[in-house]
2 protein chains.
Amino acid sequence: MRTIGFAALFALLAVHAVSAAPLNRDVRQWRMQHEAEIVGQLDDLTRIASIAAEPAKLDVAATALEGLLRARGFDTHLLSASAGAPKVVFGRYDTPGARRTVVFYAHYDGQPVTRSQWVSDPFIPVMRTGPLASKPSDVDWRHAKPPFDPEWRLYGRAVADDKASIVAFLAGFDALKASGHRPSVNLRVLWEGEEEAGSPHLAEVLRANAALLKADLWLIGDGPVHQSRRSTLYFGARGSMGLEATVYGPVRALHDGHYGNWVPNPAVMAAELITAMRDDEGHILVPGFSDEVRPLSRSETAALAALPPVEEPLKREFGIGRTEGGEGLTASTLRPAINVRGIRSGGIGAEANNAIPTEASVSFDFRLVPNQTPDGVRSSVETFLAARGWTVCDRTPDLAMRLAHPRLIKLTWDMGYPGFRADLDAPVSKAVIAAAGRTAGRPVVVLPMMGGSVPIYVFDAMLKTALIGLPVVNHDNSQHAPNENMRLQNLWDGVETYAGLMGDLNW
Amino acid sequence: MRTIGFAALFALLAVHAVSAAPLNRDVRQWRMQHEAEIVGQLDDLTRIASIAAEPAKLDVAATALEGLLRARGFDTHLLSASAGAPKVVFGRYDTPGARRTVVFYAHYDGQPVTRSQWVSDPFIPVMRTGPLASKPSDVDWRHAKPPFDPEWRLYGRAVADDKASIVAFLAGFDALKASGHRPSVNLRVLWEGEEEAGSPHLAEVLRANAALLKADLWLIGDGPVHQSRRSTLYFGARGSMGLEATVYGPVRALHDGHYGNWVPNPAVMAAELITAMRDDEGHILVPGFSDEVRPLSRSETAALAALPPVEEPLKREFGIGRTEGGEGLTASTLRPAINVRGIRSGGIGAEANNAIPTEASVSFDFRLVPNQTPDGVRSSVETFLAARGWTVCDRTPDLAMRLAHPRLIKLTWDMGYPGFRADLDAPVSKAVIAAAGRTAGRPVVVLPMMGGSVPIYVFDAMLKTALIGLPVVNHDNSQHAPNENMRLQNLWDGVETYAGLMGDLNW
């Protein structure tokens, strides 16, 4: 607020002359003249500790964001589903004569923090010369002479996920207006404060404000750009569903010398369960699990083929000597997945006893693709287990139950949600790809679907409107982890892409 | 000491008339008249906290035990391999005219204790009316009128493992002498104080005192009796070898939505490893692992067929609805085994992140049978891993190593030791079985080999003498666990068996 406020005010007061110069050149020029102000805006927002553990700070953030929109001439409302729930910041900026209306979605809440794991205070941003692994130096960016080194990164909670999207929107709007362009569409803003908590009230807010939110396109400003670091659009995201499974051995740990080979070993049963469900190339072996998978369209296959290669540097970065699947990263993550998040049984190392453990637990994370549903996945897994002799229960079994069933498995499913993939051939999709490419000065990366999950299905199910993902943050931003960071070049690219999608989008 | 001291003194002073009455009747009668004294002896010894953590108490125990033997007319020595090592209590009691010499082995040290997990102080014995699961009452046995309920159990550390064997020897000797019988063999006692630490100095003591320990038979007084609760002899024990294995995924935990199905998941690799090594019936799939296994002899097979059935009550006790292997408990534990003691990777439940873990660790416990060797087992496992594409390393791999090898596994083997199985058809074996059966009044349970491991191979390799296991404690004694306990009927049976093997053994 501190630094950009004046610029915004200035932009607001400026004559809205329509510029004849190419939008991308003007926007870049404006950005290069305002780097410190843009970083200052991100720094200001990051200092508001808007995380679920601090509800008062969520309120402060919502009010601050509303102020930033008002200063730019937006009509605003703070929408709320129920008392106590974080406010949804809504903004409207109409363009006389525009035929289309576009909603820009982002979220202002951040993940929780474990302060001890952070190199510096998560809510006092620090600029550094690069990623932590490069042993960067701290930078006093307020006294540095622009242009800033685009490899610098600002560190702080929510700096990337997802406040960078908000700042890219604000700066993109400012750049557009300051350089004499005007939006080509009616603009709507929807910034929520509960995304990291699973957006529990979002559907209700959408339902209650359907008229206010009527639009032709939603641009979802969240998630990382492609690992090639090129500007990216994504047209869907996998769904997700968690499962905690526990299998049972004897009621007390038994000496494995006296009873091993006779008393069933639950750690072995858990291993059998995992290898029966998927192979070590990630292929799913559960019958019916993938029946509802919708094949890729011709355009999706073409987009996949056009992706810049990123595998080799990633393998080096991750220290892996092989990969699963053999199809490459993006093709692998366009399939459904059965991920094992964790497994626990007995003890290892100094904690190992010569004992048959009493139980083994496995945490699964299923990734769903269209047209799979959580119900369908659950049903295929449970049918598969029954066919292999497992009796499924939903609580820890008692002695009678243990004796009656040779193989017992307790399953605890989370709600889960389905995946979503938009139509790449729709006119709106083509228009967004074209506009983003024009502003970037080269074709953007088109991802048919992100491997990670965001609940786009909520928007899809509620809105029946076109939905496209517009990420800005670097893939290596330590999202949801300590020392989250935002690389400056990604922020600059984001400002340009946002400006292009406000000022040069037509269909 | 307090209560039995007088009885022992009395026995020593009594005229050693040779009784004409059957030994087993006399011994039982004596035992029934001296139950409180026998329990008092076990109570006294248990109060000496002779565990590795208290070296001074190990000394106190050795001195007390030497005194008990001297009071009974034994020549004694405290043998020592090196300064600071717990003393080995040696005793000698020759029988004029006896042709055979028998060494009775036991150990006076106990397992460490975690006091918080005990219902009462592990070194202040408490008599209770039954196992803890039966919610027993405490018993003031000092003021109870004998005969005691044989289902009572005395609780305390080392009460079963292995001080009950020592008390059974002492009381068996007293019973023999008091009832006018005399030993049929020359008696030797060897009670060590380092068994729970792996007997690190035992081989040295045996070597240094070979002349003193020259004998025709060693009876190993350790381990539990058969689950049928009938008097038991075992003729061997499986060997044992531990392995900690760690497999590697990415160098840092990665979002499993963005990277699952492409970055290898180490939890899945660990599951594959386990299921490739053994099936869920306990059958070993590692080629060559079982090549050296010596088949059961005709007598061993017959002994197996004669075992009392125990499976159904054990299944109920353990709460298991099936068993592995299908051959029954003892046959299953006569095979080699690959037990999984524990497995760890990532997080489960509340600790689960949507991440590909960086590594997975599995703790294995191999059980070896004759003629397998630790070297042979290690070699077959490492050959098997290489054939499946694993590169074995012995330390955590660096980045270059991770990149160069698609499947890396770190192995940490413990020393391990082989199994042992004596010849059931040897005259000494037949004589021991016959003598024990005569004293018990019915055939004893003959186990060709215990499933659990005791390092009998040390005796075998050093002594080249017959070795037979003579257990007295109940199988459900919570050995190596909190609330260790000794069931009185097992102690009574032990007294009788010991007396029989001192007074009625001839070959």
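Residues numbered from 1 in each chain as written. Chains lettered and ligands numbered in written order. Predicted model: local features only at pLDDT ≥ 70, side-chain atom pairs only at ≥ 80, totals over all residues. Heavy atoms only, no water.

### Section: the sheet that holds strand β5 (residues 138–139) of chain B
All names here are of chain B.
Here comes step 1: Strand order across the open sheet formed by 4 strands is β5-β4-β6-β21, with antiparallel pairing between neighbours. Bordering the open sheet on either side are β5 and β21 (485–487), each of which pairs with just one other strand.
Here comes step 2: Where strand β4 (residues 126–128) lies against strand β6 (residues 153–155), 3 bridges are found, and the strand directions are antiparallel. In the sheet register, V126 faces β6, and the bridge partner there is Y155. (Pairing = 2+ DSSP bridges. Helix = DSSP H or I, 4+ residues; strand = E, 2+ residues; numbered from the N terminus.)

### So, the sheet that holds strand β6 (residues 153–155) of chain A
By way of backbone hydrogen bonds, the strands of a sheet pair with one another, either parallel or antiparallel.
Here comes step 1: With respect to topology, 4 strands assemble into an open sheet ordered β5-β4-β6-β21 (chain A), the strand pairing being antiparallel. What marks the edges here is a single partner per strand, and that holds for β5 (138–139) and β21 (485–487) of chain A.

### With respect to the interface of chain A and chain B
Here comes step 1: The partner chain B presents 84 residues to the 84 residues of chain A that form the contact.
Here comes step 2: In this assembly, chain A packs against chain B so that about 7200 Å² is buried in total across both faces, 55% of it on carbon and sulfur atoms.
Here comes step 3: The partner of R252 of chain A in a salt bridge is E317 of chain B, and the shortest N-O contact between them spans 2.8 Å.
Here comes step 4: Of all the secondary-structure elements, those providing two or more residues to the side of chain A that touches chain B are β12 (254–255), α7 (256–259), α8 (266–277), α10 (311–318), α11 (329–333), β13 (337–346), β15 (359–368) and α13 (399–404) of chain A.
Here comes step 5: A per-element tally of the side of chain A that touches chain B places β13 of chain A first, with 9 residues.
Here comes step 6: Residue composition of the side of chain A that touches chain B, grouped by class: 30 nonpolar, 31 polar and 23 charged.
Here comes step 7: Here 5 bridges tie β13 of chain A to strand β13 (residues 337–346) of chain B, and the two strands are oriented antiparallel to one another. Residue pairing for β13 of chain B: R344 of chain A is matched across the bridge by R344 of chain B. (Contact = heavy atoms within 4.5 Å. Buried area = accessible area lost by both parts, 1.4 Å probe. Salt bridge = Lys/Arg side-chain N within 4 Å of Asp/Glu carboxyl O. Nonpolar A, V, L, I, M, F, W, Y, C, P; charged D, E, K, R; others polar.)

### Quick word on the environment of A237 of chain B
Residues and elements named next belong to chain B.
Here comes step 1: As for its placement among the helices and strands, A237 is situated in strand β10 (residues 236–237).
Here comes step 2: Take A237: its relative accessible area is 2%, and that puts it in the buried class.
Here comes step 3: In sequence terms A237 and E496 are 259 residues apart; their C-alpha atoms lie 24 Å from each other.
Here comes step 4: Residues contacting A237, with those up to four places away along its chain left out, are G419, F420, M449, M450, G452, S453, V454 and I456. (Buried < 20%, exposed > 50% of the residue type's maximum accessible area, 1.4 Å probe, protein only.)

### Observations regarding the relation of the copies chain A and chain B
Here comes step 1: Mapping chain A onto chain B leaves a residual RMSD of 0.1 Å; the transformation is a rotation of 179° accompanied by 0.1 Å of translation along its axis. What we have between these two chains is a two-fold relation. Within chain A, the C-alpha atom positioned nearest to the axis of rotation is that of A271 of chain A, 2.2 Å from it.
Here comes step 2: Both copies share a contact surface, since 100% of the interface residues of chain A are interface residues in chain B too. (Least-squares fit on C-alpha atoms with pLDDT ≥ 70 in both.)

### What about the confidence of the model for chain A?
Residues and elements named next belong to chain A.
Here comes step 1: Across chain A, the average pLDDT comes to 93, with 96% of residues at or above 70.
Here comes step 2: Ignoring residues within four places in sequence, the model shows residues 1–20, a span with pLDDT below 50, making 33 contacts including any to other chains.
Here comes step 3: Across the interface, the model reports ipTM at 0.88; the global pTM reads 0.88. (pLDDT = per-residue confidence, 0-100.)

### A word on the packing of aromatic side chains
Residue and element names in this part refer to chain A.
Here comes step 1: Overall, the coordinates contain 32 aromatic pairs over all chains when judged by the stated rule.
Here comes step 2: Chaining the aromatic ring pairs together yields one cluster made of F74, Y93, F104, F169, F173, W191 and Y498.
Here comes step 3: Sitting above the plane of the Y155 ring, R128 keeps its charged end 4.6 Å from the centroid. (Phe/Tyr/Trp six-rings, centres within 6.5 Å; stacked < 30°, edge-to-face > 60°. Lys NZ or Arg CZ within 6 Å of the ring centre and 35° of its normal.)

### Quick look at the pattern of salt bridges
Here comes step 1: Counting across every chain of the model gives 61 salt bridges over all chains.
Here comes step 2: When the shortest N-O distance is used, the salt bridge between R407 of chain B and D280 of chain A registers 2.9 Å. Linking R407 of chain B in the loop between α13 (399–404) and β17 (408–413) with D280 of chain A in the loop between α8 and α9 (298–305), this pair reaches from one chain into another.
Here comes step 3: On the accessibility criterion, D280 of chain A (18% relative accessible area) is buried.

### Focus: the domain arrangement of chain A
Residue and element names in this part refer to chain A.
Here comes step 1: Domain boundaries in chain A define domain 1 (4–237 + 420–503) and domain 2 (239–306 + 334–413).
Here comes step 2: Computed over C-alpha atoms only, the centres of domain 1 and domain 2 are separated by 38 Å.
Here comes step 3: Where domain 1 abuts domain 2, roughly 1000 Å² becomes buried across the two surfaces, and 52% of that area is made up of carbon and sulfur atoms.
Here comes step 4: For the pair domain 1 and domain 2, the interface holds 6 residue pairs in polar contact (both at pLDDT 80 or more).
Here comes step 5: Partitioned by chemical class, the residues of the side of domain 1 that touches domain 2 number 7 nonpolar, 3 polar and 2 charged. (Domains from an automatic or database assignment. Polar contact = N/O pair within 3.5 Å; in protein donor to acceptor, adjacent residues only side chain to side chain.)

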